[in-house]
Amino acid sequence: MRALDGKVALITGSSRGIGAAIAQRFAAEGARVAIHGRDAAALDAVRQTIRDEGGTVACVIGDVTKHDDVERMCLDVERELGEVDVLVANAGGSFTRPGPFEELTEEGWRATVDGNLTATFFTIRSVLPGMKRRRAGNIITMSSAAARRAHPQSPVPYAAAKAGIQMLTQHLAAQVGPYGIRVNCLAPETILTDRNRERIPDAQKASLVDIHPLKRLGTPEDVARAALFLASDQSEWITGLIVDVSGGAVMV
Ligand SMILES: NC(=O)c1ccc[n+]([C@@H]2O[C@H](COP(=O)([O-])OP(=O)(O)OC[C@H]3O[C@@H](n4cnc5c(N)ncnc54)[C@H](OP(=O)(O)O)[C@@H]3O)[C@@H](O)[C@H]2O)c1
């Protein structure tokens, strides 16, 4: 018996990076996984990898900042795989450059808040009625170390949106616990996704390693293992928790 046998899991933002690692890990643990993104070619590659490893996978495409897209995606998942037991609301990112507060643009602010906090709201709202009806479900949201402590170079809209996701997680956990639904949140420090490997200069990677007591940067698989713990019955008495996946760089 594997940890997620018989479960349907939707992982948003799984065409690459952390989401792809979570989808692969969940599929290896027996879940039928729905992978999601906007880049069809990247989704095809993740789908093929999961199939090659013997997993069951469906693909959905849509923009998580658009309510109608999210509703349609969730219906597509239900039609192809069945009702969603585990949701990982992972899609997101920072869509503004860090900089002096007064130079932040309205457009950048809205893009980041919509792309993280509003997207998380839309995604959860689409799967929650089914979970409440079945009186079972598991929701994992995605924050960031940026929302766990202040830093002068942090992008403020991103940190604020992710902090909002943490509060959303805890209030929702309090509201839906009586329905047998657990809601927890992951808060990773810098993770060496393909994008970050390319984007972050080597010297900056070295100085980032220095702030981690475990003396390395995190990998997508580190986050995927933490997600598996929250998605599985191993954590059945845990809800409303923010899990720092940070090699000790964040201790709150
Ligand atoms: N990497 C880190 O160091 C780190 C640290 C802390 C927290 N996080 C959080 O972890 C999550 C994943 O990060 P990552 O580094 O793996 O990101 P990534 O490599 O940039 O991948 C982002 C994923 O989200 C999807 N996505 C983003 N905005 C979307 C939208 N509006 N509609 C639909 N799909 C959207 C992308 O889809 P397409 O590419 O197909 O469009 C892609 O699959 C994010 O919430 C991020 O904020 C990351």
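Look up: the structure comes first, before these words.
Every value quoted in this text rests on a predicted model; they were computed, and no experiment measured them. (Residues numbered from 1 in each chain as written. Predicted model: local features only at pLDDT ≥ 70, side-chain atom pairs only at ≥ 80, totals over all residues.)

Let us look at the overall build of the protein chain. Regarding its fold elements, the protein chain presents eight helices and seven strands. Along the longest, intermediate and shortest principal axes, the C-alpha atoms of the protein chain span 45 × 35 × 35 Å. Expressed as a percentage of its 252 residues, the buried residues of the protein chain come to 45%. Taking all contacts inside the protein chain whose residues are at least 6 apart in sequence as the whole, residues at least 24 apart take part in 72%. (Helix = DSSP H or I, 4+ residues; strand = E, 2+ residues; numbered from the N terminus. Buried ≥ 20, exposed ≤ 12 C-beta atoms within 10 Å, placed from the backbone. Contact = placed C-beta atoms within 7 Å.)

Further remarks concern the packing of helix H1 (residues 17-28) against helix H2 (residues 40-52). Packing of H1 against H2 brings their axes to within 10 Å, and their N-to-C directions diverge by 20°. What the angle tells us is that H1 and H2 run roughly parallel. The two elements H1 and H2 meet at a crossing, and its hand is right-handed. In contact with Ala-20, Ala-23, Gln-24 and Ala-27 of H1, H2 contributes Val-46, Thr-49 and Ile-50. (Axes fitted to C-alpha atoms, helices over the stretch in contact; angles between N-to-C directions. Parallel < 35°, antiparallel > 145°, perpendicular 65-115°, else oblique. Left-handed = near helix turned anticlockwise from the far one by under 90°.)

Further remarks concern helix H3 (residues 67-81). Under the 1.5 Å per step criterion, the end-to-end length of H3 is 21 Å for 15 residues, consistent within 8% with the ideal 21 Å. If you check which residues of H3 are buried, you get Val-70, Met-73, Cys-74, Val-77 and Leu-81. The buried residues of H3 occupy an angular sector of 95° when the element is viewed end-on, so they sit on one face. Exposed and facing more than 90 degrees away from the buried side of H3 are Asp-68, Leu-75 and Arg-79. In the core, the buried residues of H3 are packed alongside strand E1 (8-11), strand E2 (32-37), strand E3 (56-61) and helix H4 (106-134). Downstream of H3 by one or two residues, Gly-82 has phi in the positive range, about 115°. (Expected span 1.5 Å × (residues − 1). Arc of directions from axis to C-beta.)

Our focus in this paragraph is unusual backbone geometry. The phi angle at Arg-135 is positive, at roughly 55°, despite the residue not being glycine. Structurally, Arg-135 is set in the loop between H4 and strand E5 (137-142). Positive phi outside glycine occurs at Lys-215, with the angle close to 55°. Relative to the helices and strands, Lys-215 is located in the loop between helix H7 (202-210) and helix H8 (220-231).

A word on the site of the ligand. Taken together, 27 residues lie near the ligand, and Gly-13, Gly-17, Gly-37, Arg-38 and Gly-92 sit nearest. Counting only elements with at least two residues in the shell around the ligand, the list comes to H1 and helix H6 (194-199). Here the shell around the ligand is composed, by residue class, of seven nonpolar, 15 polar and five charged. (Near = placed C-beta within 6 Å. Nonpolar A, V, L, I, M, F, W, Y, C, P; charged D, E, K, R; others polar.)

A separate point is the nonpolar core. Within the largest apolar cluster, 69 residues are counted, with the highest numbers of intra-cluster contacts made by Ala-9, Ile-22, Ala-23, Phe-26, Val-33, Val-223 and Ala-227. Not counting residues within four places of it along the chain, the set of residues in contact with Phe-26 comprises Leu-4, Ala-9, Ile-11, Ala-31, Val-33, Leu-228 and Ala-231. (Core = buried A, V, L, I, M, F, W, Y, C linked by C-beta atoms within 7 Å.)

Before going further, it helps to examine the sheet that holds strand E7 (residues 242-245). Pairing is parallel in the open sheet, where seven strands are placed in the order E3-E2-E1-E4-E5-E6-E7. Bordering the open sheet on either side are E3 and E7, each of which pairs with just one other strand. Mean inter-strand twist for the sheet, computed between neighbouring axes without regard to direction, equals 20°. Across four bridges, strand E4 (residues 86-89) lies against E5 in parallel orientation. Across the sheet, the residue bridging to Leu-87 is Ile-139, located in E5. (Pairing = 2+ DSSP bridges.)

With respect to the element layout, Ala-89 can be found in strand E4. On the neighbour-count criterion, Ala-89 (28 C-beta atoms within 10 Å) is buried. Residues Ala-89 and Ile-11 lie 78 residues apart in sequence; the distance between their C-alpha atoms is 6.3 Å. Discounting residues that sit within four places of it in the chain, Ala-89 has contacts with Thr-12, Thr-120, Thr-123, Ile-124, Ile-139, Thr-141 and Met-142.

By secondary structure assignment, the location of Arg-51 is in helix H2. On the basis of neighbour count, Arg-51 is assigned to the exposed category, with 12 C-beta atoms found within 10 Å. The spatial distance from the C-alpha of Arg-51 to the C-alpha of Ala-27 is 9.1 Å, given a sequence separation of 24 residues.

Let us now look at the pairing of E3. Here six bridges tie E2 to E3, and the two strands are oriented parallel to one another. Following the sheet pairing, Ile-35 is matched in E3 by Cys-59. Between the parallel pair E2 and E3, the chain is carried across by H2, and the sense of this crossover is right-handed. (Right-handed = clockwise from strand over helix to strand, strands pointing away.)

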